[in-house]
Amino acid sequence: MIRVGVIGASGLAGGELIRLITQHPELELTYLGGSSSAGKRPAQLHPGLRLDLGLTVEPVGDEIGDDLAGRCDAVFLATPAGVSAELAQRLADRVPCVIDLSGAFRIRSADLHDRWYPKVRRRAELADRFVYGVPELIGDQLPDASLISLPGCYATAITLGLAPLVLELGLELRTVVVDGKSGSSGGGLQLRTADLHPLRNGAIAPYAPLGHRHAAEVGDFFQRGKPGRIGSLTMSAYGVSHVRGLLASCYVFTDGEVDARTLQRTYLRFYKGRRFVRVRRHDETLIPVPDPQAVLGSNYCDVTVLHDPDDGRIVVLSALDNMVKGAAGQAVQALNLRFSLPEETGLTMQPVMPA
């Protein structure tokens, strides 16, 4: 059994990690860490988890690295970026594998990181050691990785949506405009007036109309990729009234010659054998897809690519559950590959619909 720990056990991503770990046939949950939740059982923190795991949340002290060295083969950091930056420094080289779900190490460029995470201080040499990316794109780097930084939920959807254009077709994407819509769970459990039910219910709230840090990490990732390139990638993000799920609509302008048939074949070929990316026609079901409600509770990302012949625009739509494929599920998927398990182990649940 692979012994795993979760730090940040009281948060939404922490609770989702506990849920997935306890259903995984090869994982044993041996440690839960937190601050304000210290001393509490998982069932007290997450009403859906009525489990007697024999664990309570332990306070995270200065000696956390030495404490976990013999207790965990892998540790998930479901903590804010500033906390993850500090914890990763303590755990590196003491725990065989650290998987960070925050934005602390997602952006490789120091200048770009400082722009989008100005309060998150990290050591440059530590940041260079982190492997970044969705498992479908960098899976070959995971078996030897001791430090793994997971993409953000939007970044996962956008990267999976654009990868065949950049990495397979090698297109020069002159301009990419992203419209993102996400449920309230994307903001975590922080109490904000705008997230109160009387204001959030039924709303379409433009909370980041002029840019989003997840778009910055996508650009940073593809800047290191070949053979294609992205010139300009901009994003506007909106909060909608459902709880789980997001849809990233990418409007792509390129001078390259493409057509609908070539695009569809390319996407099917690129994701052939990749279990958790479903390439779909938008009209193949009773409702138009991708739709976040068609992936809720699962580790799937549904992707549709369309060609607008009137102006040469490519439209890529990506939908996923931000709590699973956008966070905890992808973390478990990465861990599976890190420890040479089939990537679908413990993640074969089908979507729940309606939800």
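As the structure is a computational prediction, the values presented were derived from the model and not from experiment.

A.B. asks: An account of the pairing of strand E10 (residues 229–240) is needed here, citing residue identities and associated values.
C.D. replies: Relative to E10, strand E8 (residues 172–182) is paired through 10 bridges, and the arrangement is parallel. Bridging across to E10, Val 178 finds its partner in Met 235. Here strand E9 (residues 204–208) pairs with E10 via three bridges, running antiparallel. Looking at E10, one finds that Ala 205 is bridged to Gly 239.

A.B. asks: Just give me the short version of the pattern of salt bridges, but keep the residues and values in it.
C.D. replies: Applying the stated criterion across every chain, the model contains 23 salt bridges. Taking the shortest distance from any N to any O, the salt bridge between Asp 302 and Arg 278 comes out at 2.7 Å. In this pair, Asp 302 is assigned in strand E13 (residues 301–308) and Arg 278 in strand E12 (residues 277–279), connecting sequence segments 24 residues apart. Between Asp 302 and Arg 280 there is a salt bridge, with the nearest N and O atoms lying 2.9 Å from each other. With a gap of 22 residues between them, Asp 302 in strand E13 and Arg 280 in the loop between E12 and E13 connect regions that are remote in the sequence. It is possible to trace a salt-bridge network through shared partners that takes in Glu 16, Arg 19, Arg 244 and Asp 321.

A.B. asks: I'd love a proper account of the environment of Met 1, names of residues and values included.
C.D. replies: The topology assignment puts Met 1 in the segment before strand E1 (2–7). Residue classification places Met 1 among the exposed residues on the basis of a relative accessible area of 60%. In the structure, Met 1 is positioned 28 residues away from Leu 29 in sequence and 9.7 Å away in space, judged by C-alpha atoms. Once residues within four sequence positions are removed from consideration, Met 1 is found in contact with Pro 25, Glu 26, Leu 27, Glu 28 and Asp 73.

So, how was this worked out
By convention here, each chain's residues receive numbers from 1 onward along its written sequence. pLDDT decides what is reported in this predicted model: residues at 70 or higher carry local features, side-chain atom pairs at 80 or more are listed and counted, and totals for whole chains, interfaces and linings draw on all residues regardless. The side-chain figures draw on all heavy atoms in the structure; neither hydrogens nor water molecules are used. Following DSSP output, two strands are said to pair if at least two bridges run between them. Helix numbers and strand numbers start at the N terminus; a helix is a DSSP run of H or I with at least 4 residues, a strand a run of E with at least 2. We define a salt bridge as a contact between a side-chain nitrogen of Lys or Arg and a carboxyl oxygen of Asp or Glu at a distance within 4 Å. Only protein chains enter the accessibility calculation, which uses a 1.4 Å probe. A residue is then buried if its area is under 20% of the maximum for its type, exposed if over 50%, and partly exposed in between. Contacts between residues were defined by any pair of non-hydrogen atoms, one from each residue, lying within 4.5 Å.

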